[in-house]
Amino acid sequence: MSQLPQLRVMVNARCGRGCFYCRPSGEGLATVTDQQLDLDSLIEVASECARQVIDSVKLTGGDPALWPPLVDAVRQLKRDAGFREVHVISPHPKIGELAVDLVEAGTDLINLSVDSLRPEVHREITGINDLPDVLTAVRQAVVSGAAVKVNTVVMAGVNDHEIEDLVRYFESIGVRELKLLDVIQDLDVGETFSGRLAKYRGRRLRDLYAPLEPIVERLQSQALSEQIVSQGDLGHPMLAMHLRSGMMVTVKDHR
């Protein structure tokens, strides 16, 4: 059976957040603030990809929640281009307000990011003091009927001690999947990465790396089953643990 890639589309350039671990394609890259993709161009290119039997598309940014034609784009990707699956990735609270419309348009999965349940840590990581609004957006996305996935970057001395609290919280509100990622240690190397974002309380990004094995060992005791998965069967192999609640915890370790 042939393996097919997932089409990933960056619909706009900026998200308004300053997460210090963000890859250079995010806010670390000097881009025009209002740069965004034209909807007609998206559908034209995506339709050609669909004709090449790619049937899954992921809309990312920047931040799709801040891209005005988002709902129309999902509808056209499903109805006109013929995609089987549409995922939307957004860390912005507005995605919760759009969730019902997105599901009605055909969105299959909404992917948010939460790195801490502590407002002060969330503010230090993102530069924005909006954790209650983000958590509300997660709950709105769950209620909308979409599958909901939450990404968490695990960082030593920042949030590595609250991962089990995050698991319990997202289990309790019906999140489908929690994805734990390690810090990409060499992400702050190169001219495109902003020095403003490369440190947390004076510590370099590489110093925030936390090995995920101890976290995995604790979660394995709560898992009913586990398997090795990858995105589209083509990406980095990841351990997926299925918990008794029905939530899946996926671990992406770059080492």
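Preceding block: the structure.
To keep things clear, this report deals only with the structure shown in the data block. (Residues numbered from 1 in each chain as written. Predicted model: local features only at pLDDT ≥ 70, side-chain atom pairs only at ≥ 80, totals over all residues. Heavy atoms only, no water.)

With that settled, the discussion passes to the overall build of the chain. Scanning the chain for helices and strands turns up seven helices and 11 strands. For the chain, with 255 residues in total, the buried portion stands at 52%. Nonlocal contacts in the chain, meaning residues at least 24 apart in sequence, comprise 69% of its contacts between residues at least 6 apart. (Helix = DSSP H or I, 4+ residues; strand = E, 2+ residues; numbered from the N terminus. Buried < 20%, exposed > 50% of the residue type's maximum accessible area, 1.4 Å probe, protein only. Contact = heavy atoms within 4.5 Å.)

Turning our eyes to something else, we now look at the state of the cysteines. Counted according to the given criterion, the structure contains zero disulfides. Among the cysteines around C19, which has no disulfide bond, C15 carries the closest sulfur, lying 6.4 Å off. Relative accessible area serves as the criterion here: at 14%, C19 is assigned to the buried category. (Disulfide = S-S within 2.5 Å.)

All right, on to the sheet that holds strand β6 (residues 177–182) then. The pairing of strands in a sheet happens through backbone hydrogen bonds and is either parallel or antiparallel. Strand order in the open sheet made by the nine strands is β1-β2-β3-β4-β5-β6-β11-β10-β9, with mixed pairing throughout. The open sheet has two edge strands, β1 (7–10) and β9 (223–229), and neither has a second partner. Looking at each pair of strands side by side, their axes are set apart by 20° on average, direction ignored. Inspection of the sheet shows strand β2 (residues 56–60) paired to strand β3 (residues 85–89) by four bridges, in the parallel sense. Considered in β3, the bridge of K58 is made with H87. Across the sheet, helix α2 (residues 70–79) touches β2 and β3, and the angle it forms with β3 is around 160°. In the packing of helix α5 (residues 131–144) onto the sheet, contacts are made with β4 (109–113) and β5 (147–154), and the angle to β4 comes to roughly 165°. (Pairing = 2+ DSSP bridges. Axes fitted to C-alpha atoms, helices over the stretch in contact; angles between N-to-C directions.)

With that out of the way, let us pick up helix α1 (residues 39–51). Taking 1.5 Å of rise per residue, 13 residues should cover 18 Å, and α1 covers 18 Å from first to last C-alpha, within 8% of that figure. Taken together, the buried positions of α1 are L39, L42, I43, A46, S47, C49 and A50. What you see down the axis of α1 is that its buried residues fit within an arc of 160°, all on one side. Looking at α1, the residues exposed on the side facing more than 90 degrees away from the buried face are D40, E44, V45 and R51. One or two residues past the end of α1 sits V53, with phi positive at roughly 65°. (Expected span 1.5 Å × (residues − 1). Arc of directions from axis to C-beta.)

A cis amide bond, omega 20°, links G61 with the succeeding residue G62. Relative to the helices and strands, G62 resides in the loop between β2 and α2. In this model, V53 sits at a positive phi of 65°, which is unusual for a non-glycine residue. Within the secondary structure, V53 sits in the loop between α1 and β2.

Attention now goes to the side chain of T107. Here T107 is to be found in the loop between α3 (94–105) and β4. Apart from the residues lying within four places of it in its own chain, the contact partners of T107 are V74, V86, V88 and L102.

Take the packing of aromatic side chains next. In total, this model carries one aromatic pair according to the counting rule given. Taken together, a centroid distance of 5.2 Å and an interplanar angle of 75° make the contact between Y169 and F170 edge-to-face. Residue classification places F170 among the buried positions, given a relative accessible area of 0%. (Phe/Tyr/Trp six-rings, centres within 6.5 Å; stacked < 30°, edge-to-face > 60°.)

On to the nonpolar core. In terms of nonpolar packing, the biggest core is built from 63 residues, with L59, F83 and F170 touching the most fellow members. Excluding its chain neighbours within four sequence positions, the residues that come into contact with F170 are V114, L135, V138, V150, V175, L178 and M247. C19, F20, M155 and L205 belong to the second-largest nonpolar core, a separate cluster that totals 12 residues. (Core = buried A, V, L, I, M, F, W, Y, C linked by side-chain atoms within 4.5 Å.)

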